[in-house]
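Structural overview for review
Residues per chain are reported as follows:
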Amino acid sequence: MAVQMLMVCALGALLCQVWSSAEPHHKDEELHPMVLYPWRHQGQGVVRVKRDWIIPPIRVSENSKQVPEDLVQIKSDKIFTGEVIYKLEGPGVDQEPKNLFEIDDKTGVIRSKRPLDRERYNSFTLKAFALSPSGERLENPTTIEIVVLDQNDNRPAFTQSQFGGIVSEFSVPGTSVMSVTATDADDPMTENAILSYSIIGQESIPANAVTKTMFGINNETGAIYTRDVGLDREVVKSFRLKLQVADMGGLGLTTEGVAIIHVADINNHAPQFSPASYIMTAVENKKDYEIGRVNVTDRDDRGTGNWEAKYFISNDPDGSFAIRTDPATNEGVLTVVKPLDYEAQHEHILTLTVENVNPLSNKAPNLPVSTATVVVTVVNENEAPHFRENPIQIVVPESVVPGTLLKSNIAFDPDNSDLRYEISRDPERWLDINRDTGDITARRTFNMRSPNVKNNIYNAVVKVTDAGGVSTTATVSITLKETNDFPPQLFPLSGTICKDTGRRSPGLVLTAVDEDFPPHAAPFSFEMPEDLSVNWTVIQVNDTHAVLQPLVELEAGEYAVTVLVSDSGSPILSAYAQVNVTVCFCDSFGDCKSEVGAVLGSSVGISFIALIIIMACIALLLLLLLLAVAVTSCGRRHHIKKATGLLVGESEDDIRDNVFNYDEQGGGEEDENAFNIDLLWNPHDAPSTPGSYYPGAPRGKQPLRKDAPHNLPSPTYPRRPPADPTDIEDYINDGLEAADNDPNVPPYDTALIYDYEGEGSLAGSLSSIASGSSDGDQDYDYLNDWGPRFQKLANLYDPR
């Protein structure tokens, strides 16, 4: 595109117009015929070379008042061949910000429509098009760049409304304090944004405390520094500086600001006591309480480490006092940390020193450390008595002799008043105490097995009271030492030894029980008196057991053997005991058995399996017999009338199952008058223990009853049967009552056997039991119908 350009530049009042003519110059034609006039060579086969114009950036001043303003004109070389329409696109035209520029579609003149603001948009890039009336693009788009020129239309501004800084007092000149900063919205590449700082005013707080200029500022960087001496925080607290910043190197627009500079404190003043002497009082026997305060003055900044004081006590050898700082008032608070004793020292003179928490500055005056004197007077009070030890420790043997002195001089009174002693707790009443001297003595012998003795220690409480009624208590801890005051007791005192010692246990194992504690109990020693050791001996097994053995083969029976047992205490205590030993034949379990069993087991030689088979057969026969008797008794029960039967009860329902064993030995009518009644009876209120026997049973070993004393006389058992057989029930009840009240028999379910043998039985012949109501002759022919087994009985009653 060949362009005829109109360029308007506004620099001040200068207007420059540049014209590029579309008319040919003969000199140019001679130099560039193909470039300027390409259409002349179309028919000669020369390719048309097309060249575009390069348009330099168009510079437009911001805030221009001459709007609309022509900026440039573009022209296409196609204008000679036909009509051309110009169009413009880009930011400022049809893109945001819109409507800033426009183009004349006929002439190609580009204009600005409104004033421009460089701080918002500093340049624009547009594209221009040459179109035919039909909208066909005739040329390539042309790029047009518009640059907005800056004007000094913005004042500089400080970045803070108020700047703050700190400078230490007595700082030397040139000490950096702080920096201030400002900005300018104008073009930083121009003088419009070159800033210059200055201090235009200074005020001291308090006012007029300092009149000379104390601070300076770097006009390019804004750094503030000290420029003179004399900064004393006790004189001036802070400064208020009035600042100014200007653009164009200080010749342009200006803005003011404020900077507050505080003078920081240094520890240039040592604390001083005011006053330097004090008098205080303290109560004896109290601690951890305040007795007074001391004051100091310090001109440094209040509430800082330069002002806060630390106090020291220089002459308190016992460490009875302490001093701390009250953070609010900076006073020294003096306290008593150990109880004071008026009787020992009634006045204390203390020397106090003070310093700051922060170390003193080298710029402080060289003064001695401030000191103060405190006189503390101790006030006397009635003190409670003191025990010399608590608890009071006493170690004593348990078998101490009553009246023995256990402890003396157990307490004292700081006020030297008379004391009264008493025992306030002594659960076993083992102690006595002298009311005036406090001497503790044994009232009686101690017992280590008392429930109030724990781990061999018995505790009591002693109370002491002074003349003023003030009292205190202490624990008396008595450690009891075990003494040998109980002889050992042999156990067991009875036992059995198998006669055939070659196959059974060789003897009776003995031990002992001692109520003393070690070392006055085991090990035990077992001996036999020399005069009784002919047939027996005792063999020591270990520290607690021995075996009693016969030295010779003994006959079966009971033997009383005396054994001496001794403990290992100091002194040694011994005790004689009589051991009742039963020598007997034993079964396979080592238990005594009857003579018949012994004989069978030794001479006949029945094996154990055969014995079990025999016992099983006997048990089966007994079961069948009991079953037969039960069936028979059930059949006859309905025929026994009340008060007429053999066993009379209160009612027909009060008939208990019993087994009656009638044993007759020998012959003759006289023997019929004698009979044995063996009654198996189960008491309804006694626990069952097999193997126990009541009176009347074969003699054997009976267990010892625990619910009744031993060796009491037994009640009289009914030994004779009643005259009337119908009173057998009363006879049995009498025997039951006697057995229940007998203290010498075991309280277990067992067989109670009543035996009676004699002549002239009141019951008469047993045949009378089965007789009818009359004593006349009876017809026994029916016995012949009962079979061969009853034939002999029938022959006895044959009337022939």
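Residue positions within a chain follow its written sequence, with the count starting from 1. Owing to the predicted nature of the model, reporting of local features is limited to residues with pLDDT of at least 70; listing and counting of side-chain atom pairs is limited to 80 or more, with chain, interface and lining totals taken over all residues. Computation of side-chain values covers all heavy atoms of the structure but excludes hydrogens and water.

Further remarks concern the pairing of strand E27 (residues 371–379). Every second residue of E27 is oriented toward a common face, the buried set being Ala372, Val374, Val376 and Val378 and the non-buried set Thr371, Thr373, Val375, Thr377 and Val379. Strands are labelled as partners when DSSP assigns at least two bridges between them. Helix and strand definitions here come from DSSP, where helices need a minimum of 4 consecutive H or I residues and strands a minimum of 2 consecutive E residues; each element is numbered from the N-terminal end. Relative to E27, strand E20 (residues 277–283) runs parallel, the two sharing seven bridges. By the bridge assignment for E27, Met280 is matched with Val376. Alignment of strand E26 (residues 347–356) against E27, held across seven bridges, turns out to be antiparallel. Bridging from a neighbouring strand, Thr351 pairs with Thr373 of E27. Using a 1.4 Å probe on the protein chains alone, a residue whose accessible area is under 20% of its type maximum counts as buried, one over 50% counts as exposed, and one in between counts as partly exposed.

Turning next to the state of the cysteines. The bond known as a disulfide is covalent and runs between the sulfur atoms of two cysteines. We call a pair of cysteine sulfur atoms a disulfide when they lie within 2.5 Å. Overall, the coordinates contain one disulfide when judged by the stated rule. Between the sulfur atoms of Cys498 and its disulfide mate Cys586 the distance is 1.9 Å. What sets the handedness of the Cys498 and Cys586 disulfide is the S-S torsion sign, and at about -105 degrees it is left-handed. Residue Cys498 is found in strand E39 (residues 494–498), and its partner Cys586 is found in the loop between strand E45 (574–584) and helix H3 (595–604); the two are separated by 88 residues along the sequence.

Moving on, we get to the sheet that holds strand E12 (residues 176–179). The strand order across the open sheet formed by three strands is E12-E16-E15, and the pairing between neighbours is antiparallel. Since the sheet does not close on itself, it has two edges, and those belong to E12 and strand E15 (215–217), each with one partner. Taking the axes of each pair of neighbouring strands and ignoring which way they run, one obtains an average angle of 25 degrees across the sheet. When E15 meets strand E16 (residues 223–226), the two strands line up antiparallel, connected through three bridges. Within E16, the residue paired with Ile217 across the bridge is Ile224. Note on definitions: angles span 0 to 180 degrees between N-to-C directions of axes, and those axes are lines fitted to C-alpha atoms, for helices only across the stretch in contact.

Let us look at the side chain of Asp316. Assignment of secondary structure puts Asp316 in the loop between strand E23 (309–313) and strand E24 (321–325). Only four residue types enter the charge count, namely Lys and Arg as positive and Asp and Glu as negative; His and the chain termini do not. Throughout this description, the term salt bridge denotes a Lys or Arg side-chain nitrogen within 4 Å of a carboxyl oxygen of Asp or Glu. Despite its burial, Asp316 pairs with no opposite charge, the nearest such side chain being Lys338 at 8.1 Å. Side-chain polar atoms of Asp316 contact the backbone nitrogen of Ser320, separated by 3.0 Å. Residues are treated as being in contact if the distance between any of their heavy atoms lies within 4.5 Å. Leaving out residues up to four positions away in the same chain, Asp316 has contacts with Phe321 and Leu350. Any N or O atom pair separated by 3.5 Å or less is treated as a polar contact, with the protein-specific requirement of one donor-capable and one acceptor-capable atom, and with residues adjacent in sequence counted only for side-chain atom pairs.

So, about the environment of Ala460. Along the polypeptide, Ala460 turns up in strand E36 (residues 457–465). Between the alpha carbons of Ala460 and Leu431 there is a distance of 8.6 Å; along the sequence they are 29 residues apart. Every residue in contact with Ala460, bar those within four places of it in the chain, is listed here: Arg425, Asp426, Leu431, Ala474, Thr475 and Val476.

Looking at the protein as a whole, its pLDDT mean stands at 76, while 72% of the residues score no less than 70. Confidence of the predictor at the level of single residues is captured by pLDDT, which takes values from 0 to 100. Here residues 595–606 is a poorly scored stretch, pLDDT under 50, and it has seven contacts once near neighbours within four places are set aside; other chains count. Every residue in residues 638–707 scores below 50 in pLDDT, and together they form 117 contacts with partners more than four places removed in sequence or on other chains.

Now for unusual backbone geometry. In this structure, the amide linkage connecting Ile205 to the following residue, Pro206, adopts the cis form with an omega of 0 degrees. Tracing the backbone through its elements, the reader meets Pro206 in the loop between strand E14 (196–205) and E15. Residue Pro391 follows Asn390 across a cis peptide bond; omega there is 10 degrees. Secondary-structure assignment places Pro391 in the loop between strand E28 (386–387) and strand E29 (392–397). Of note in this structure, Asn330 is not a glycine but carries a positive phi near 65 degrees. Checked against the element boundaries, Asn330 lands in the loop between E24 and strand E25 (332–336). We classify Asn330 as buried; its relative accessible area is 2%. Despite not being glycine, Asn455 shows a phi value in the positive range, around 55 degrees.

A few words on the sheet that holds strand E7 (residues 109–112). Read across the sheet, three strands follow the order E4-E7-E6 without closing on themselves; strand pairing throughout is antiparallel. Edge positions in the sheet fall to strand E4 (69–73) and strand E6 (101–103), since each has one partner strand and no second. When the angles between neighbouring strand axes are averaged without regard to direction, this sheet yields 25 degrees. In this structure, E6 lies alongside E7, joined through three bridges in antiparallel fashion. Residue Phe101 lies in a different strand from E7, and its bridge partner there is Ser112.

A word on a nonpolar patch on the surface. Together, Ile614, Ile618, Leu622, Leu625 and Val629 line one region of the surface with nonpolar side chains, adding up to about 450 Å² of accessible area. The residue Leu622 is located in helix H4 (residues 608–636) in this model. What goes into a patch is any residue over 30% in relative accessible area without a salt bridge, connected to like charges within 9 Å or, for nonpolar side chains (Val, Leu, Ile, Met, Phe, Trp, Tyr), within 5 Å. Accessible surface area values rest on a Shrake-Rupley calculation with a 1.4 Å probe, where residue burial reflects the displayed protein chains alone.

Take Ile349: it is sitting in strand E26. A relative accessible area of 47% means that Ile349 is categorised as partly exposed. Note: C-alpha distance between Ile349 and Asn315 (34 residues apart in sequence) is 7.9 Å. Not counting residues up to four positions away in its chain, the partners in contact with Ile349 are Asn315, Thr373, Val374 and Val375.

What follows covers the packing of aromatic side chains. Any pair of Phe, Tyr and Trp rings, taking the six-membered ring for Trp, is counted once the centres come within 6.5 Å. Such a pair is stacked with planes under 30 degrees apart, edge-to-face with planes over 60 apart, and tilted for the rest. Applying the stated rule across the entire model yields nine aromatic pairs. The cationic tip of Lys286 hangs over the ring face of Tyr289; the distance from NZ or CZ to the ring centre is 5.0 Å. Charge-over-ring placement is defined geometrically: NZ (Lys) or CZ (Arg) within 6 Å of the ring centre, and within 35 degrees of the ring normal.

On to the pattern of salt bridges. Side chains that differ in charge, positive against negative, can pair when their charged atoms come close. Per the stated rule, a full pass over the model turns up 15 salt bridges. Of the charged contacts, one joins Glu119 and Arg118 as a salt bridge, the two residues approaching to 3.3 Å between their closest N and O atoms. In this structure, Lys310 engages Glu355 in a salt bridge whose closest nitrogen and oxygen atoms are separated by 3.7 Å. Residue Lys310 is found in strand E23, and its partner Glu355 is found in strand E26; the two are separated by 45 residues along the sequence. Here Lys310 falls in the partly exposed class, since its relative accessible area comes to 34%. Where salt bridges share partners, they join Glu290, Arg293, Asp326 and Glu331 into one cluster.

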